[in-house]
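Each chain, letter by letter, is given below.
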Amino acid sequence: MSVSDLSSRTVLVTGATSGIGYQTARLLAERGATVLVHGRTAEAAHAATDRLVTLADLDGARLGAFGADFTRLEEVERLAARVLAEHPHLDVLVNNAGMAAPERHTVTADGNEIAFQVNFLAHYLLTHLLESALTGGTGGRVVNVSSSLHRTGSIAWNDPNRIRRYSRLAAYAQSQLALTVFAADPRVTAVSVHPGICATSLLPLYAHEGVAPAEGAAHVVRLCDPAVEIVNGAYYDRDHRVAPAAAASETRTVKRLSKLADLLVGQSA
C-alpha cells in the first residue's frame, strides 16, 4: 500500500494514551499529521505526547494534549469547545476511547450506564459538537473504533442503562452496536472498524492472545487517509469492508438511536 503524506491533516484521537489509540496517534504523526492526543486527564495526555516526542522522535509542535473524563459529559463539552477554539477545521475524528463494562452495574454522574456513556454517548456528543469543524471543509470524516462484538449486541430501548437486567458482556456489546449504528448517521461522514483482536486492556473480553496494538492501529489509520474512499456508514473488519449487524444499516434504528442519545446527553436535535 502506498503511504500518502498527511501533513495537511489535523486528527483528534480519543483514548490516545495507550493501546490502539496511542499507536494510531504515533502512526498518524509519523506520516506528518497534526495529532490531538486525548486522555482521561490532561496529565495523561501530556505524558503520552512526551512519550511520542522522546521515544518515536516526533515533532512536538505537531502534537496537542487534551484531557477529558468521558464519565462526565460536561468535560466532553469542554473538550469540544477547546478543540473548536484551537482547530476550527478538523479533518478526522477517531472515536477510539473505550472501556470494558465493569462486573457491577455502574452509573455515571450523568445517570448513564458507564460503558454506554464512555464508549458511545460521549463520542456521540463529541462528534456533534465538532460537526462544524468536520464539515466546514472537504473530506472531513469520523472513524469509530468498534468491535466484532457489536454483532452479539442489542440496544435495550426501554432500559438502555440496563438497570433491570445487567450483564457486563451485554452492556459492552450494546455500546459497540450503538457506536456502529452511529456511523450511519447522515450528519457527518463516518465509518466504523473492528481493528482485530489486539493485546490491549480489552483483550480478556475476546481471547487470550491478540496482535500488537500497532497492527490494529494500522487499520484505523488507513481509514483516516483521504486517499482511501469511504462510504458513510460502512463497517470494516480490519482492511475489508463487510456488512455490519443488520441493525446498523436500518434507517429506523439510526434515527431511533439519535433520538435516544440526544435525550441521554441532553442535546436538542
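Because the structure is predicted, anything quoted here is derived from the model rather than measured.

The rules behind these values
- All chains use their own residue numbering, which begins from 1 and follows the written sequence.
- For this predicted model, a pLDDT threshold of at least 70 governs which residues receive local features, and a threshold of 80 or more governs which side-chain atom pairs are given and counted, while totals over whole chains, interfaces and linings are taken from all residues.
- Heavy atoms throughout the structure, all of them, feed into the side-chain values; hydrogens and water do not.
- Helix numbering and strand numbering both begin at the N terminus, where a helix is a DSSP run of H or I of at least 4 residues and a strand a DSSP run of E of at least 2.
- The rule is simple: take the accessible area with a 1.4 Å probe, protein chains only, and divide by the maximum for that residue type; under 20% is buried, over 50% is exposed, in between is partly exposed.
- Contacts: residue pairs with any heavy atoms within 4.5 Å of one another.
- Only the protein chains shown count as cover for residues, and the accessible areas themselves come from Shrake-Rupley with a 1.4 Å probe.
- Neither His nor the chain ends is counted toward charge; the positive residues are Lys and Arg and the negative residues Asp and Glu.
- Note on charges: their place is set at NZ of Lys, CZ of Arg, CG of Asp or CD of Glu.
- Take the buried residues of types Ala, Val, Leu, Ile, Met, Phe, Trp, Tyr and Cys, join any two whose side-chain atoms come within 4.5 Å, and each joined set is a nonpolar core.
- Expected span of a helix: the number of residues minus one, times 1.5 Å.
- Two rings from Phe, Tyr or Trp (for Trp, the six-membered ring) form a pair when their centres sit within 6.5 Å of each other. Planes less than 30 degrees apart are called stacked, planes more than 60 degrees apart edge-to-face, and all others tilted.
- The criterion is that NZ of a Lys, or CZ of an Arg, lies within 6 Å of the ring centre and within 35 degrees of the ring normal, and then a charge sits over that ring.
- A strand pair is defined by DSSP finding two or more bridges across the two strands.
- Fitted lines through C-alpha atoms give the axes, limited to the stretch in contact for helices. The angle between two N-to-C directions lies from 0 to 180 degrees.

### Describing the overall build of the protein chain
When helices and strands are tallied, the protein chain shows eight helices and eight strands. The dimensions of the protein chain, computed from C-alpha atoms along their principal axes, are 50 × 40 × 35 Å. Within the protein chain, buried positions represent 55% of all 269 residues. Within the protein chain, contacts between residues separated by at least 24 positions form 74% of all contacts whose residues are at least 6 apart in sequence. Surface exposure of the protein chain reaches about 11600 Å², of which carbon and sulfur atoms provide 50%. Computed over 24 positive and 26 negative side-chain charges, the separation of the two mean positions in the protein chain equals 7 Å.

### Some words on the nonpolar core
Ranked by internal contacts, the top residues of the largest apolar core, which has 43 residues, are Leu12, Phe70, Val83, Leu90, Phe120, Leu126 and Leu130. Those elements giving two or more residues to this core turn out to be helix H3 (73-86), helix H4 (114-129), helix H5 (131-135), helix H6 (168-182) and helix H8 (251-265). If one sorts the elements of this core by residue count, H4 sits on top with nine residues. Ignoring any residue separated from it by four or fewer positions in sequence, one finds Phe120 in contact with Ala115, Ser175, Ala178, Leu179, Phe182, Leu257 and Ala261. Listed in part, the 33 residues of the second largest apolar core include Val11, Ala16, Val35 and Val92.

### A short note on helix H1 (residues 19-30)
For an α-helix the count is 3.6 residues per turn, leaving residues at separations of three or four pointing the same way. Relative to the 16 Å expected for 12 residues at 1.5 Å per residue, H1 spans 17 Å between its end C-alpha atoms, a close match to the ideal helical length. A large share of H1 lies buried, amounting to 10 of its 12 residues. Among all positions in H1, only Ile20, Gly21, Tyr22, Gln23, Thr24, Ala25, Arg26, Leu27, Leu28 and Ala29 are buried. Buried positions along H1 lie against strand S1 (10-13), strand S2 (34-39), helix H2 (42-55), strand S3 (63-67) and helix H7 (213-224).

### Some remarks on H8
For H8, which comprises 15 residues, the first-to-last C-alpha distance of 21 Å matches the rise-based estimate of 21 Å (1.5 Å per residue) to within 8%. Those residues of H8 that sit buried are Thr253, Val254, Leu257, Ser258, Leu260, Ala261, Asp262, Leu264 and Val265. Buried residues belonging to H8 abut H3, H4 and H6.

### Section: the packing of aromatic side chains
Scanning the entire structure with this criterion turns up four aromatic pairs. Here Phe116 and Phe120 contribute two aromatic rings whose centre-to-centre distance is 5.4 Å and whose plane-to-plane angle is 45 degrees, an arrangement assigned as tilted. With Phe116 and Phe120 both in helix H4 and four residues apart, the pair spans about one turn of that helix. On the basis of relative accessibility, which here comes to 0%, the residue Phe116 falls in the buried class. What makes Phe120 buried here is its relative accessible area of 0%. An angle of 50 degrees between the planes, with centres 5.0 Å apart, marks the rings of Tyr124 and Phe182 as tilted. Linking Tyr124 in helix H4 with Phe182 in helix H6, this pair joins segments that are 58 residues apart in sequence. These aromatic residues form a ring-pair network of at least three members: Phe116, Phe120, Tyr124 and Phe182. The ring of Tyr22 carries Arg51 above its face, with NZ or CZ at 4.6 Å from the centroid. Directly above the aromatic system of Phe66 lies the positively charged group of Arg82, at a separation of 3.8 Å from the ring centroid.

### Digging into the sheet that holds S2
Spatially, S3-S2-S1-S4-S5-S6-S7-S8 is the arrangement adopted by the eight strands of the open sheet, whose pairing is mixed. The open sheet has two free edges, formed respectively by S3 and strand S8 (240-242), since each of these has just one partner strand. Averaged over all pairs of adjacent strands, the angle between their axes in this sheet comes to 25 degrees, without regard to strand direction. Sheet analysis places S1 next to S2, joined by four bridges and oriented parallel. Opposite Leu12, over in S2, you have Leu36 as the bridge partner. Strand contacts of H4: S1, strand S4 (92-95) and strand S5 (141-145), with the helix running at about 170 degrees to S4, the strand carrying the most contacts.

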